[in-house]
Amino acid sequence: MTENEKKIVKRFHELYYNGPDTSGRIYENTYWMGTSCLKCPLDLWIYQEIMYEVRPDLIIETGTHAGGSALYLAHICDLFGAGHVATIDIDKRPRPAHKRISYIHGSSSDPETVAKAFDSVKKKERVLVILDSDHSEEHVSRELKLLASLVTRGSYLIVEDTNINGHPAYPTFGPGPYEAVQKFIEKNKDFEIDPSREKFLMTFNPRGYLKRIS
Ligand SMILES: C[S@@+](CC[C@H](N)C(=O)[O-])C[C@H]1O[C@@H](n2cnc3c(N)ncnc32)[C@H](O)[C@@H]1O
């Protein structure tokens, strides 16, 4: 990309993230089958492509919110006829019921809670992990310690919202997922950042698609 193209992408990202004028953040007004889903649809398409390639038996998601992303993942699994979603949140609330979703109540930095999610199905030859809960660097680093080893070779560890803290969104957030990934990837040779997953130019997860290579 030329410098000018990079500027255009950055400006569009900021505009998309914050929303134009005073209309509010677009991702907070995004729904999957009627349920709030705090995602950029360009990333959901990448999820679909990864899932098609990996065919995960188990997807562990941290941070359920309303359940829109879990429902999206379960519906993609429906299209394959395989897969299960275990989604963890500290918050309890009514969420869409689906036979492929287990809602796990607790903190994603608690080993027992994570073990419950991992044990939600027997078959887990291929495991995909998505981190989308508390976005502080400290919490994401704890999640990475607990959950990275559950990802199977060839599959992905997706760290959501690495765009915050000025990458390029929400510059005042403070150290978050991006910074946690930087430290993790320096020490962890089992994973590499897969920039091909950023092909749609704008992603909420820059340097956040980590592929397990060994
Ligand atoms: C960004 S939202 C998740 C969005 C959801 N994945 C989606 O795409 O619609 C973050 C969620 O993380 C949850 N959360 C915050 N701290 C947590 C923790 N320590 N463990 C698990 N969930 C946590 C919040 O309750 C909130 O529902």
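First, a word on what this report is: a plain description of the structure on this page.

What counts as what
- Residues numbered from 1 in each chain as written.
- Predicted model: local features only at pLDDT ≥ 70, side-chain atom pairs only at ≥ 80, totals over all residues.
- Heavy atoms only, no water.
- Helix = DSSP H or I, 4+ residues; strand = E, 2+ residues; numbered from the N terminus.
- Rg over C-alpha atoms; globule rule 2.2 N^0.38 Å.
- Buried < 20%, exposed > 50% of the residue type's maximum accessible area, 1.4 Å probe, protein only.
- Contact = heavy atoms within 4.5 Å.
- Areas by Shrake-Rupley, 256 points an atom, 1.4 Å probe, with all protein chains shown as cover.
- Lys, Arg positive; Asp, Glu negative; His and termini not counted.
- Charge placed at Lys NZ, Arg CZ, Asp CG, Glu CD.
- Axes fitted to C-alpha atoms, helices over the stretch in contact; angles between N-to-C directions.
- Parallel < 35°, antiparallel > 145°, perpendicular 65-115°, else oblique.
- Left-handed = near helix turned anticlockwise from the far one by under 90°.
- Nonpolar A, V, L, I, M, F, W, Y, C, P; charged D, E, K, R; others polar.

Our focus in this paragraph is the overall build of the protein. Looking only at helices and strands, the protein has six helices and nine strands in total. Here the C-alpha radius of gyration of the protein, 16 Å, is about what a compact globule of 214 residues would show, namely 17 Å. Within the span of the protein, comprising 214 residues, buried residues form 52% of the whole. If you take every contact in the protein between residues at least 6 apart in sequence, the share linking residues at least 24 apart comes to 66%. Put simply, the protein shows about 10,500 Å² of open surface, and 55% of that area lies on carbon and sulfur atoms. For the protein, the separation between the mean place of its 28 positive charges and that of its 30 negative charges on side chains is 4 Å.

So, on to the packing of helix α5 (residues 137–147) against helix α6 (residues 177–187). As a packed pair, α5 and α6 sit with axes 8 Å apart at the nearest point and diverge in direction by 45°. Comparing their axes, α6 and α5 come out oblique. For the crossing formed where α5 meets α6, the hand is right-handed. Only P177, E179, A180, V181, K183 and F184 of α6 make contact with α5, whose side of the interface consists of E137, V140, S141 and L144. Broken down by class, the residue content of the contact of α5 with α6 amounts to six nonpolar, one polar and three charged.

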